[in-house]
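Results of the structural survey
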Amino acid sequence: MNKLLKCAFWSNLCVGAAIQILDILLYACGLNCCSALTLNQNAHFKTASAKNHQFRLWQIKGVALFLAGVGLMVSGCSQESPVETTIVVTQPPAPAYAGTIVAVGDSLTAGLGVAEEQAYPAQLARRLQAEGYNYQVINAGVSGETSSGALSRIEWVISSLRPDIVILETGANDGLRGLDPDLLKTNLDRLASSLTTRNIQVILAGMLMLPNLGPDYTRSFSEIYPKIAQKHGVVFIPFFLDGVAGEPHLNQPDRLHPTADGYTRIVETVYPYVVRAIERHKAK
């Protein structure tokens, strides 16, 4: 109990005691006076009893005032003003990253079907930190997105997330929907141009298409990625799903989306290309 609390405690105790004693003495005095008035009927004794009663009241008042005064003295025992206890919550400083990597893509980037921390951007971030690369990795994947969708939001990605490096994985949904390969080529060209003209390092993730769309379509589709990479001089991953596509134990039941282990394998594929982009970023 601190000093102020002690003073308040003794003050309340003294005042309370004064009130209790006053009540007890008043009650006792009243009983004595009533008995005296009943047993003695002469006027002289009545007058004496009244005077004695009045004297006792003054005694009682004196005792009560004394105790109340003690309480007030105790309450004023400290002239110190109350000190407010201020709890200062300090936030740890935000880590000073050497750069920001933004993973732009569809459900293969977003991590459809697995926990966020198991999607490849999160696993990549842990791998980079473990290897001493202090870069943050932001998952900007949108499930179901086509290359046209990626192009429509790339300006927002640049202005809001301010990336130093972008891993661009898009086009799989274009192929699954049988969209014109020329549209994919145009969109990738514009995406790469928007990023490189702002001195953002680009890692273009190559994609292959299922053979059931016919050999002409699959060939045209696969040729787009290396041509765009060569034109803009960006880091190129030949096949994003290398070692994962077609492997049942690394894919979910739909056979299209990787499991957590599948994403670990993707990080193995992507990691050396990310390191190459980091070296380019450092050399700027």
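Residues numbered from 1 in each chain as written. Predicted model: local features only at pLDDT ≥ 70, side-chain atom pairs only at ≥ 80, totals over all residues. Heavy atoms only, no water.

Before going further, it helps to spend a moment on helix α8 (residues 215-232). Since the α-helix advances by 3.6 residues per turn, residues separated by three or four positions end up pointing in the same direction. Along its 18 residues, α8 runs 27 Å from first to last C-alpha, staying within 8% of the 26 Å computed at 1.5 Å per residue. All buried positions along α8 are accounted for by Tyr217, Thr218, Phe221, Ile224, Tyr225, Ile228 and Ala229. Two residues or fewer after α8 comes glycine 233, characterised by a positive phi angle close to 65°. (Helix = DSSP H or I, 4+ residues; strand = E, 2+ residues; numbered from the N terminus. Expected span 1.5 Å × (residues − 1). Buried < 20%, exposed > 50% of the residue type's maximum accessible area, 1.4 Å probe, protein only.)

For the rest of this paragraph, the subject is the side chain of glutamate 145. Mapped onto the secondary structure, glutamate 145 falls in the loop between β2 (135-141) and α5 (147-161). On the basis of relative accessible area, glutamate 145 is assigned to the buried category, the value being 8%. Side-chain polar atoms of glutamate 145 contact the side chain of arginine 153, separated by 2.5 Å. Once residues within four sequence positions are removed from consideration, glutamate 145 is found in contact with Gly105, Asp106, Ala150, Arg153 and Asn173. (Polar contact = N/O pair within 3.5 Å; in protein donor to acceptor, adjacent residues only side chain to side chain. Contact = heavy atoms within 4.5 Å.)

Together, Leu176, Leu210 and Leu256 give the surface a local cluster of nonpolar side chains, amounting to about 250 Å² of exposed area. Among the structural elements, leucine 210 can be located in the loop between β4 (201-205) and α8. The class for leucine 210 is partly exposed, based on a relative accessible area of 42%. (Patch = residues over 30% accessible without salt bridge, like charges linked within 9 Å, V, L, I, M, F, W, Y side chains within 5 Å. Areas by Shrake-Rupley, 256 points an atom, 1.4 Å probe, with all protein chains shown as cover. Salt bridge = Lys/Arg side-chain N within 4 Å of Asp/Glu carboxyl O.)

So, about the packing of helix α7 (residues 181-196) against α8. Packing of α7 against α8 leaves a shortest axis separation of 10 Å and a crossing angle of 20°. For the element pair α7 / α8, the angle class is roughly parallel. Note that α7 runs across α8; the crossing there is right-handed. In this structure, α7 contributes Pro181, Leu184, Lys185, Leu188, Asp189, Ala192, Ser193 and Thr196 to the contact, and α8 contributes Tyr217, Ser220, Phe221, Ile224, Tyr225, Ile228, Lys231 and His232. Considering only residue class, the contact of α7 with α8 consists of nine nonpolar, four polar and three charged. (Axes fitted to C-alpha atoms, helices over the stretch in contact; angles between N-to-C directions. Parallel < 35°, antiparallel > 145°, perpendicular 65-115°, else oblique. Left-handed = near helix turned anticlockwise from the far one by under 90°. Nonpolar A, V, L, I, M, F, W, Y, C, P; charged D, E, K, R; others polar.)

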